[in-house]
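Architecture and fold: a report
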Amino acid sequence: MELTGTIKKISDLQTFNSGFQKKELVLLTEEQYPQPINIEFLSEKVDLLNTYKVGDKVKVHINIRGREWTSPQGDVKYFNSITAWRMEKDGSSDFNEPTEATPSQNSPATENKNVFAEDEDDDLPF
């Protein structure tokens, strides 16, 4: 899945006793009713955030995960988390792709040949 929006907040790096690392990003979606979505970057994925700052428009590729927890009293609760595995700048203006291909000067001229001429015996009804 993907989420697109503007970075509202990037948390500090959290390192746990086990060596596990985590950073969180709050992404403000761009829709009629913008939503602040908390996204986790885990382990080696925390480095994905190094080149981004608050205010950047991004597209985040995510996985939604769920888990079950039973309290000491026996109550069962369910929790969801959103984890990122890829992130990129959003917006076609960031890319310098040509809008129209230009023919190469060194390529030979091609013939104006009807590539479908051999298929005239086709028995399709359309």
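Remember, predicted model here, so these are calculated numbers, not experimental data.

Attention shifts here to the pattern of salt bridges. Scanning the model with the defined rule gives eight salt bridges in all. In this structure, the salt-bridge partner of Lys22 is Glu40, at a minimum N-O distance of 3.3 Å. With Lys22 in strand β3 (residues 21-29) and Glu40 in strand β4 (residues 36-42), this pair connects stretches of sequence that are 18 residues apart. A relative accessible area of 16% places Lys22 in the buried class. Taking the shortest distance from any N to any O, the salt bridge between Glu88 and Lys59 comes out at 4.0 Å. Taken together, the positions of Glu88 in strand β6 (residues 76-89) and Lys59 in strand β5 (residues 57-70) put the pair 29 residues apart, joining distant regions of the chain. Using a relative accessible area of 21% as the deciding quantity, one classes Lys59 as partly exposed. Several salt bridges converge on common partners, so that one network encompasses Glu2, Lys59, Arg86 and Glu88.

A word on the packing of aromatic side chains. One pass over the full model with this rule turns up one aromatic pair. An angle of 35 degrees between the planes, with centres 5.8 Å apart, marks the rings of Phe16 and Phe20 as tilted.

Here the focus is the side chain of His61. As for its position among the elements, His61 is in strand β5. In contact with His61, other than residues within four places in its own chain, are Met1, Glu2, Thr83, Ala84, Trp85, Arg86 and Glu88.

Note on placement: Lys77 falls in strand β6. Sequence separation of Lys77 and Arg67 is 10 residues, and the distance between their C-alpha atoms is 8.5 Å. With near-sequence residues (within four places) excluded, Lys77 lies in contact with Arg67, Glu68 and Trp69.

Before going further, it helps to examine the confidence of the model for the chain. Of all residues in the chain, 72% attain a pLDDT of 70 or more, and the chain-wide mean is 82. With pLDDT under 50 throughout, residues 92-110 is counted as low confidence; its partners more than four residues away or in other chains account for two contacts.

The subject of this paragraph is the environment of Ile7. Along the polypeptide, Ile7 turns up in strand β1 (residues 2-10). Looking at Ile7, the relative accessible area reads 1%, which means it is buried. In this structure, the C-alpha to C-alpha distance between Ile7 and Leu28, residues 21 residues apart in sequence, is 6.3 Å. In this structure, Ile7 is in contact with Leu25, Val26, Leu27, Tyr52, Lys53, Val54, Gly55, Asp56, Val58 and Met87, ignoring residues within four places of it in sequence.

Thresholds applied
Residues numbered from 1 in each chain as written. Predicted model: local features only at pLDDT ≥ 70, side-chain atom pairs only at ≥ 80, totals over all residues. Heavy atoms only, no water. Salt bridge = Lys/Arg side-chain N within 4 Å of Asp/Glu carboxyl O. Helix = DSSP H or I, 4+ residues; strand = E, 2+ residues; numbered from the N terminus. Buried < 20%, exposed > 50% of the residue type's maximum accessible area, 1.4 Å probe, protein only. Phe/Tyr/Trp six-rings, centres within 6.5 Å; stacked < 30°, edge-to-face > 60°. Contact = heavy atoms within 4.5 Å. pLDDT = per-residue confidence, 0-100.

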